[in-house]
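# Results of the structural survey
Read off the chains here:
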Amino acid sequence: MLQQCTRDLWEYLKDADKTIVLYGMGNGADKILAVLRERDISVSGVFASDGFARGNLFHGMPVRTWSDIKAEFGAENVIVLLSFGTSRPEVMENILRIRAEAELYAPDVPAFGDTLFTRAFYEEHKEEFAAARALLSDDESRRIFDNILSYKLSGDIGYLLDAANGENEIWEHIIHPETIHAAADLGAYNGDTVRQLLTKGEGNIETVWAMEPDARNYKKLQAYAETETRAHMIPVNAGAWDKEETLFFDKSGNRNASFEKNRSQTLADRPLKVSEIKALPLDKVLNGERVDYIKYDVEGSEREALDGSQKTLIAHAPTLLVSLYHRSEDMFALPLHIQKIAPHYRGFYLRRMAGVPAWDINLYVTNEEI
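Cut-offs applied
- Residues numbered from 1 in each chain as written.
- Predicted model: local features only at pLDDT ≥ 70, side-chain atom pairs only at ≥ 80, totals over all residues.
- Heavy atoms only, no water.
- Salt bridge = Lys/Arg side-chain N within 4 Å of Asp/Glu carboxyl O.
- Buried < 20%, exposed > 50% of the residue type's maximum accessible area, 1.4 Å probe, protein only.
- Helix = DSSP H or I, 4+ residues; strand = E, 2+ residues; numbered from the N terminus.
- Pairing = 2+ DSSP bridges.
- Axes fitted to C-alpha atoms, helices over the stretch in contact; angles between N-to-C directions.
- pLDDT = per-residue confidence, 0-100.
- Contact = heavy atoms within 4.5 Å.

Moving on, we come to the pattern of salt bridges. Pairing between side chains becomes possible if they bear opposite charge and their charged atoms approach one another. One pass over the structure, following the stated rule, counts 22 salt bridges. For Arg88, the salt bridge identified is with Glu90, shortest N-O distance 2.5 Å. A relative accessible area of 44% places Glu90 in the partly exposed class. We note a salt bridge from Arg133 to Asp146, for which the minimum N-O separation is 2.9 Å. With a gap of 13 residues between them, Arg133 in helix α6 (residues 126-135) and Asp146 in helix α7 (residues 139-154) connect regions that are remote in the sequence. By relative accessible area, which is 18% here, Asp146 ends up buried.

Quick look at unusual backbone geometry now. Residue Pro357 follows Val356 across a cis peptide bond; omega there is -10°. Turning to its location among the elements, Pro357 is positioned in the loop between β16 (347-352) and β17 (361-366). A positive phi angle, close to 50°, is found at His59, a residue other than glycine. With respect to the helices and strands, His59 occurs in the loop between β3 (57-58) and β4 (61-64). At Asp360, a position not held by glycine, the phi torsion is positive, near 50°. Tracing the backbone shows Asp360 in the loop between β16 and β17.

Sheet architecture is open: 7 strands sit in the order β9-β8-β7-β14-β15-β17-β16, paired in mixed fashion. The sheet terminates laterally at β9 (232-236) and β16, the two strands that pair on one side only. Pairs of neighbouring strands in the sheet enclose a mean axial angle of 15°, with direction left out of account.

As a further point, take the confidence of the model for the protein. In this model, the protein carries a mean pLDDT of 92, and residues with pLDDT of at least 70 account for 93%. The model gives residues 253-258 a pLDDT under 50, and that stretch makes 15 contacts with residues more than four places away or in other chains.

This is the structure in C-alpha cells:
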C-alpha cells in the first residue's frame, strides 16, 4: 500500500507545460472536462479513433484524429487523457500505440457520486484503506489493491495492465460454481451474467432470482427467463435496496442506469429520463429461501443492497460478488461494511478483469478462507 502520495494526476496536469487533449467522447469525457475546468486546466482539443472523427463537435471542439493532433502539436508535446472505457483487444492495441508515442493517462472519475479520488481524499481515508487491505486474504488481492490505488492517484494505465486476472481462476478457486444450488443476481441487466453463471454451474444450479429495475432491460431479462431450461429463473422488476419503497430511476445511462440520487452532478446538463420504479430488499424477495451465491452490481447502490440482504447473509453465508468500482469510497467502505453487518465472513478476495479504466473490480467474499 502507498505510504505517502505527494502529487495526484490533477495536480500534475495543473503544472504540466504540455498541450492537453482528450481521447474520446461521452459521459467520461464530460466528467473529466468538468474536473479540469474546476481546476482551471485548459484542454486544447479532442480526438477519436479512426471512423469516429467525422468533423462533429464536442463541447465546441471539433473531433479530430490522432494524426491531426500529432500534425498540429507534435506527439512529444501532448498529454493525452483517455476518456472512455474498453476491454476490446483492438481498441487496447490502439491505446497502447498512442501511449508509446505520447504521454497518456486515464483519469479516474467516479461512475456515480461526485467524490473525486485525489491525493487529499486518499490521505483523509488512509487508515480506512489500510483496514480494508488488512481484510484481504491473499497476496494477489493485496497486489491488485495496491495497483488500483496507484492507478487512481496517477492515472497511469500501466498499473491497470498489471492488475488483471484470469476469469477461470476466479470461477475455479473462489466462486466454486459446483457448490451453488440457488443464486441471486442483483443488477441482472438482460440476463448475461445469469447465462454465464449457469454455464459455469450447469447441472448444479436449480434456481436464480434475477433483479433488474430498468423496464427495457427487464423486458429482455423476462424473455430470456422464459427460454432458459437449465434452471428456474425468477425475474424481479425491482431495484435492490435496503427497504421497500418507490424511487426515481434514471434511465439515461443505458446499462449504467441507476437510481436518480446516484447521478453525478457533472452530468447535470445531460437529458434526464426518469421513471418511478419499485425498490426491494433481497431479504423480502427471498422470503427466507436459501441462496448460495449473490452478485451485487447495482450501479452505486451496493451498500443499500447489502443491508437489504443482511438476514440472508447471516442465515446462509452465501458467496458474494460485490462490485467495488462505482464510487471513489467503494474500495474501503464496502469491505468494511460487509465485515460490520456480517462478521462471520472470513475470506476476502479482490480480483479485476482486463481493460481501462479501473472498472470490473470485484470483491469476492466467502465464509471460509480458501
